[in-house]
Amino acid sequence: MYLTNRPRVYRTSPKHRFTNNTSTTFRPSVNILENETSFKILIALPGFQREDLSITIEDEVLTIASEKTWEQGEKDRWTLKEFKLGTFKRSFVLPTSIDANQIEAKVENGLLEVNLAKKAKQTIAIA
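Just so you know, these numbers come straight off a predicted model, no measurement behind them.

Checked against the element boundaries, Glu113 lands in strand β8 (residues 111–118). Judged by its relative accessible area of 16%, Glu113 is buried. Engagement of the side chain of Glu113 in a polar contact is seen with the side chain of Asn115, the distance being 3.1 Å. When neighbours within four sequence positions are excluded, Glu113 is seen to be in contact with Lys40, Ile41, Leu42, Glu104, Ala105 and Lys106.

Pasting the structure below:
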């Protein structure tokens, strides 16, 4: 399994470290675990709930997307804003070993977990 959009390497200067980030798009952090029977995709999404997320599969590409904005009062202003909310889309090309009918997802404690079961190995009897 691999990401269809590889992350770029960014160089950040110290003067940008504590600025008010007004961007409406972001790229959440992803971890992918693999074992003999499945892949597990973990995405850090603080503040997101199940109803904020969309997960689709099309042409063997799993896409996770969302559009969520911060709610703030009319007189409120951010003095520091490091949590990201806004629009994101992460896509993953699924290997042929994935059983697309056995994909499960849950959100808990700001972490989206998508479990992708691998197809069972088939043994063919020789006559």
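Moving on to the nonpolar core. Grouped together as the largest cluster of nonpolar side chains are 17 residues, with contacts concentrated most on Leu45, Leu62, Ile64 and Leu116. If you list the elements that add at least two residues to this core, you get β3 (38–44), β5 (61–67), β6 (87–93) and β8. Beyond its immediate stretch of four places on either side in the chain, Leu62 contacts Ile41, Ile55, Thr56, Ile57, Arg90, Ser91, Phe92, Leu94, Val114 and Leu116.

Throughout the structure, instances matching the rule amount to two salt bridges. Between Glu34 and Lys118 there is a salt bridge, and its shortest N-O distance comes to 2.7 Å. Pair noted here: Glu34 is in strand β2 (residues 30–34) and Lys118 is in strand β8, with a separation of 84 residues, a long-range link. Classification of Glu34 as exposed rests on a relative accessible area of 53%. The salt bridge involving Glu113 is made with Lys40; its shortest N-O contact spans 3.8 Å. One end of the pair, Glu113, is in strand β8; the other, Lys40, is in strand β3, and 73 residues separate them in sequence.

Once that is clear, we can look at the environment of Thr87. Looking at where Thr87 falls in the secondary structure, it is placed in strand β6. For the pair Thr87 and Glu67, spaced 20 residues apart in sequence, the C-alpha to C-alpha distance is 4.3 Å. Those residues in contact with Thr87 that sit more than four places away from it in its chain are Thr24, Thr25, Phe26, Ser66 and Glu67.

What follows concerns the side chain of Thr63. Mapping Thr63 onto the fold places it in strand β5. A relative accessible area of 14% means that Thr63 is categorised as buried. A distance of 3.1 Å separates the side chain of Thr63 from the side chain of Ser91, its partner in a polar contact.

Reading the values: rules and limits
Residues numbered from 1 in each chain as written. Predicted model: local features only at pLDDT ≥ 70, side-chain atom pairs only at ≥ 80, totals over all residues. Heavy atoms only, no water. Helix = DSSP H or I, 4+ residues; strand = E, 2+ residues; numbered from the N terminus. Buried < 20%, exposed > 50% of the residue type's maximum accessible area, 1.4 Å probe, protein only. Polar contact = N/O pair within 3.5 Å; in protein donor to acceptor, adjacent residues only side chain to side chain. Contact = heavy atoms within 4.5 Å. Core = buried A, V, L, I, M, F, W, Y, C linked by side-chain atoms within 4.5 Å. Salt bridge = Lys/Arg side-chain N within 4 Å of Asp/Glu carboxyl O.

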